[in-house]
Amino acid sequence: MAIPILVLNGPNLNRLGKREPGIYGSTTLAEIGERCTAAGARLGLSVDFRQSNHEGVLVDWIHEAADAGVRGIALNAGAYTHTSVALHDAIRAVGLPVIELHLSNVHAREEFRHHSFIAPAAAGVIAGFGPMSYILALEALAAMLQPAQDS
Ligand code: DQA
């Protein structure tokens, strides 16, 4: 049985492909979603891939995912990474493992992108690998949720 996980995308990520391609590349969010579904199938994960520009919607989806039996979340919170106590609290409230992820290396960019409200509540952080950041986050979730057997 595939393990249900949520890949959650925050504001402006619906513009990927057209948005600042020098920073974010030319791959669209729909293409990233397809790659996540394919990688999930390989890793034994069933992927629910979503995007919203609204902070409260993202909070609602985190709560609903936990109530629906989702086992982990890969979260690109976009700019809310750097501003949202509400998303930090939502992650703590549900207790699910969350991998924070970013397409760009936020630590090599403006100072205001260096702080994350998500990171202290996350199991780990992946940044700077473009669309591959999503696949690495799924690999991390799969490893956490299906630990290798010793014997
Ligand atoms: C981002 C980095 C954030 O700083 C920015 O606000 C985004 C995208 C990334 O994936 O690199 O919207 O999360």
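What counts as what
- Residues numbered from 1 in each chain as written.
- Predicted model: local features only at pLDDT ≥ 70, side-chain atom pairs only at ≥ 80, totals over all residues.
- Heavy atoms only, no water.
- Helix = DSSP H or I, 4+ residues; strand = E, 2+ residues; numbered from the N terminus.
- Rg over C-alpha atoms; globule rule 2.2 N^0.38 Å.
- Contact = heavy atoms within 4.5 Å.
- Areas by Shrake-Rupley, 256 points an atom, 1.4 Å probe, with all protein chains shown as cover.
- Lys, Arg positive; Asp, Glu negative; His and termini not counted.
- Charge placed at Lys NZ, Arg CZ, Asp CG, Glu CD.
- Axes fitted to C-alpha atoms, helices over the stretch in contact; angles between N-to-C directions.
- Parallel < 35°, antiparallel > 145°, perpendicular 65-115°, else oblique.
- Left-handed = near helix turned anticlockwise from the far one by under 90°.
- Near = heavy atom within 4 Å.
- Polar contact = N/O pair within 3.5 Å; in protein donor to acceptor, adjacent residues only side chain to side chain.
- Pairing = 2+ DSSP bridges.
- Phe/Tyr/Trp six-rings, centres within 6.5 Å; stacked < 30°, edge-to-face > 60°.
- Lys NZ or Arg CZ within 6 Å of the ring centre and 35° of its normal.
- Salt bridge = Lys/Arg side-chain N within 4 Å of Asp/Glu carboxyl O.
- Buried < 20%, exposed > 50% of the residue type's maximum accessible area, 1.4 Å probe, protein only.

With that settled, consider the overall build of the protein. A tally of regular secondary structure across the protein gives 5 helices and 5 strands. Listing every helix and strand of the protein by position from the N terminus yields β-α-α-β-α-β-α-β-β-α. Relative to its length of 151 residues, the protein is compact, with a C-alpha radius of gyration of 14 Å against a globular reference of 15 Å. Taken over the C-alpha atoms alone, the protein extends approximately 45 × 30 × 25 Å along its principal axes. Counting only contacts in the protein whose residues sit at least 6 apart along the sequence, the fraction spanning at least 24 positions is 78%. Carbon together with sulfur atoms contributes 54% to the accessible area of the protein, which is approximately 7,400 Å² in total. For the protein, the distance from the average site of its 10 positive side-chain charges to the average site of its 14 negative ones is 6 Å.

Moving on to the packing of helix α2 (residues 29-43) against helix α5 (residues 132-145). α5 packs onto α2 with a crossing angle of 30 degrees between their chain directions and a minimal axis gap of 10 Å. Considered as vectors, α2 and α5 are oriented roughly parallel to each other. For α2 against α5, the interelement crossing comes out right-handed. Packed against α2, whose contacting residues are Leu 29, Ile 32, Arg 35, Cys 36, Ala 39, Gly 40, Arg 42 and Leu 43, the element α5 presents Tyr 134, Ile 135, Leu 138, Glu 139 and Ala 142 at the interface.

Here we take up the site of the ligand. Taken together, Arg 19, Tyr 24, Asn 76, Gly 78, Ala 79, His 82, His 102, Leu 103, Ser 104, Val 106 and Arg 113 form the complete shell of residues around the ligand. In this structure, Asn 76 approaches the ligand through a side-chain N or O atom, which is 2.8 Å from an oxygen atom. With respect to the ligand, the side chain of His 102 contributes an N or O atom lying 2.8 Å from an oxygen atom. Within the complex, 99% of the 320 Å² of free accessible area of the ligand lies under protein.

Taken in spatial order, the 5 strands make up an open sheet running β2-β1-β3-β4-β5, and their pairing is parallel. Here the strands that pair on one side only, and so sit at the sheet edges, are β2 (45-51) and β5 (124-127). On average, adjacent strands in this sheet sit at an angle of 20 degrees to one another, irrespective of strand direction. Contacts from α2 reach β1 (3-9) and β2 within the one sheet, and its direction differs from that of β2 by about 165 degrees. Sitting on the sheet, α5 is in contact with β1, β2, β3 (72-76), β4 (98-102) and β5, with an inclination near 165 degrees to β4.

The subject of this paragraph is the packing of aromatic side chains. Evaluated as defined, the whole model comprises 1 aromatic pair. For Arg 50, the ring lying beneath its charged end belongs to Trp 61, and the centroid distance is 5.0 Å.

Moving on, we get to the pattern of salt bridges. Two side chains that carry opposite charge are able to pair once their charged atoms sit near each other. Per the counting criterion, the structure on display carries 4 salt bridges. Two residues, Arg 50 and Asp 48, come together in a salt bridge whose shortest N-O distance is 3.0 Å. Given a relative accessible area of 28%, Arg 50 falls into the partly exposed group. Exposure remark for Asp 48: the relative accessible area of 29% places this residue in the partly exposed category. In this structure, Arg 109 and Glu 110 form a salt bridge, with 3.8 Å as the shortest nitrogen-oxygen distance. Residue classification places Arg 109 among the buried residues on the basis of a relative accessible area of 18%.

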